[in-house]
Amino acid sequence: MGLLDSVMGAVMGQVQQQGGIGAVLGQLLANDGEGGGLRGLVEKFNEAGLGEVVGSWIGKGENLPVSADQLKEVLGSDLLGKLAGQLGVDPAQASGQLAELLPGLVDKLTPQGVAPENGLGDAGELLGMLGNLLQK
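Since this is a predicted model, take the numbers as computed values, not measurements. Residue numbering note: each chain is counted from 1, following its sequence as written. Local features in a predicted model are, by the rule used here, given only for residues with pLDDT of at least 70; side-chain atom pairs are given and counted only at 80 or more, and totals for whole chains, interfaces and linings are based on all residues. Hydrogens and water molecules were not included; the side-chain quantities draw on all heavy atoms of the structure.

S.K.: Whenever I open this one, helix 6 (residues 91–109) confuses me. Can you help?
M.R.: Within an α-helix, residues lying three or four positions from one another point in the same direction, as the helix has 3.6 residues per turn. Going along the chain from the N terminus, every DSSP run of H or I of four or more residues is numbered as a helix, and every run of E of two or more is numbered as a strand. For a helix, the expected span equals 1.5 Å multiplied by the number of residues minus one. With 19 residues, helix 6 ought to run about 27 Å at 1.5 Å a step, and its terminal C-alpha atoms sit 25 Å apart, in line with that. Burial classification: accessible surface area is computed with a 1.4 Å probe over protein chains only, and a residue below 20% of its type maximum counts as buried, one above 50% as exposed, and the rest as partly exposed. Three or more residues of helix 6 are buried, namely A94, S95, L98, A99, L101, L102, P103, G104, L105, V106, K108 and L109. For helix 6, the side-chain oxygen to backbone nitrogen distance between the N-cap and A92 is 2.9 Å, and the N-cap itself is D90. Any pair of nitrogen or oxygen atoms within 3.5 Å is treated as a polar contact; in protein, a donor-acceptor pairing is required on top of that, and neighbouring residues in sequence qualify only through side-chain atoms on both sides.

S.K.: Help me understand the packing of helix 3 (residues 37–47) against helix 4 (residues 51–58) in this model?
M.R.: Describing two packed helices takes the angle between their axes plus the distance from one axis to the other. Here helix 3 crosses helix 4 at 145°, and the two axes come no closer than 7 Å. Along the contact surface, helix 3 presents L38, V42, F45 and N46, while helix 4 presents G51, V53, V54, W57 and I58. For this classification, Asp, Glu, Lys and Arg are treated as charged, while Ala, Val, Leu, Ile, Met, Phe, Trp, Tyr, Cys and Pro are nonpolar and the rest, including Gly, are polar. Residue composition of the contact of helix 3 with helix 4, by class: 7 nonpolar, 2 polar and no charged. Working convention: axes come from line fits to C-alpha atoms, limited for helices to the stretch in contact. Angles between N-to-C directions cover 0 to 180 degrees. Residue contacts follow a heavy-atom distance rule, with two residues in contact if any of their heavy atoms lie within 4.5 Å.

S.K.: Hey, could you run me through the environment of D90 in this one?
M.R.: Tracing the backbone shows D90 in the loop between helix 5 (68–87) and helix 6. Along the backbone, D90 and L80 are 10 residues apart, and their C-alpha atoms lie at a distance of 9.2 Å. There is a polar contact of 2.9 Å between the side chain of D90 and the backbone nitrogen of A92.

S.K.: I tried to follow the nonpolar core on my own but got confused; where do I start?
M.R.: For soluble globular proteins, the rule of thumb is that nonpolar side chains tend to be buried together. As used in this record, nonpolar core signifies buried Ala, Val, Leu, Ile, Met, Phe, Trp, Tyr and Cys residues forming a set joined through side-chain atoms within 4.5 Å. In this structure, L28, L29, F45, W57, L75, L98 and L102 are the most contacted members of the largest nonpolar core, which totals 34 residues. Not counting residues up to four positions away in its chain, the partners in contact with L29 are G37, L38, L41, L102, L105, V106, L109, L120 and L126.

S.K.: Looking at this structure, I do not really get the packing of helix 5 against helix 6. What am I missing?
M.R.: At their nearest, the axes of helix 5 and helix 6 sit 8 Å apart, and the two run at 115° to each other. Compared by their axis directions, helix 5 and helix 6 come out roughly perpendicular. For the element pair helix 5 and helix 6, the recorded crossing hand is right-handed. Contacts from A68, L71, L75, L80, G81, L83, A84 and L87 in helix 5 reach P91, A94, S95, G96, Q97, L98, A99 and L102 in helix 6. Classifying every residue of the contact of helix 5 with helix 6 by side-chain character gives 12 nonpolar, 4 polar and no charged. An angle below 35 degrees is treated as roughly parallel, one above 145 as roughly antiparallel, one from 65 to 115 as roughly perpendicular, and anything else as oblique. Crossing chirality is assigned from the near helix's rotation relative to the far helix, an anticlockwise turn below a right angle marking it left-handed and a clockwise turn marking it right-handed.

S.K.: So what exactly am I meant to see when it comes to the confidence of the model for the protein here?
M.R.: The predicted structure's coordinates, where accompanied by low pLDDT, should not be read in detail. With 79% of its residues at a pLDDT of 70 or more, the protein has an overall mean of 80. The pLDDT value expresses, per residue, how confident the predictor is, ranging between 0 and 100. Ranking the elements of the protein by mean pLDDT puts helix 1 (residues 2–16) last with 50 and helix 4 first with 95. Across residues 14–18 the pLDDT falls below 50, and counting only partners more than four positions away or on other chains, this stretch makes 9 contacts in the model.

S.K.: What am I meant to see in helix 3 here?
M.R.: Taken as a whole, helix 3 has its buried residues at G37, L38, G40, L41 and F45. Taken end-on, helix 3 shows its buried residues confined to a sector of 160°, consistent with a single buried face. With its phi angle positive at about 80°, G49 sits one or two positions after the end of helix 3. It is the directions from the helix axis to the C-beta atoms that the arc portrays.

Take a look at the structure:
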């Protein structure tokens, strides 16, 4: 639990600075981001045949892992390339970083075991949710 808290603290700082992995996660998970928010991400996983994986992150119980290659398939090379550019790394590194962070982060952002009907909100609301998680 301590490692995830540390990572989320770093994510919060980076979201506030509008750079790094935090901004990339905002792009994916916030309703106003290019990833279409949590609902869009779930749809992309379903289309790639990986609905069970993302469903495990949202639902209660153990989170199934996702590989960097699977994440590349889900996000597509255009979006992944753009996100990698924001991180200043190549797409393979970006998908690896996201594959490590997304399961735990989505799990923490959906503590009731269901995706919020209206998604996770815009980037500001997502930032607030992350802040609340860190205070718990």
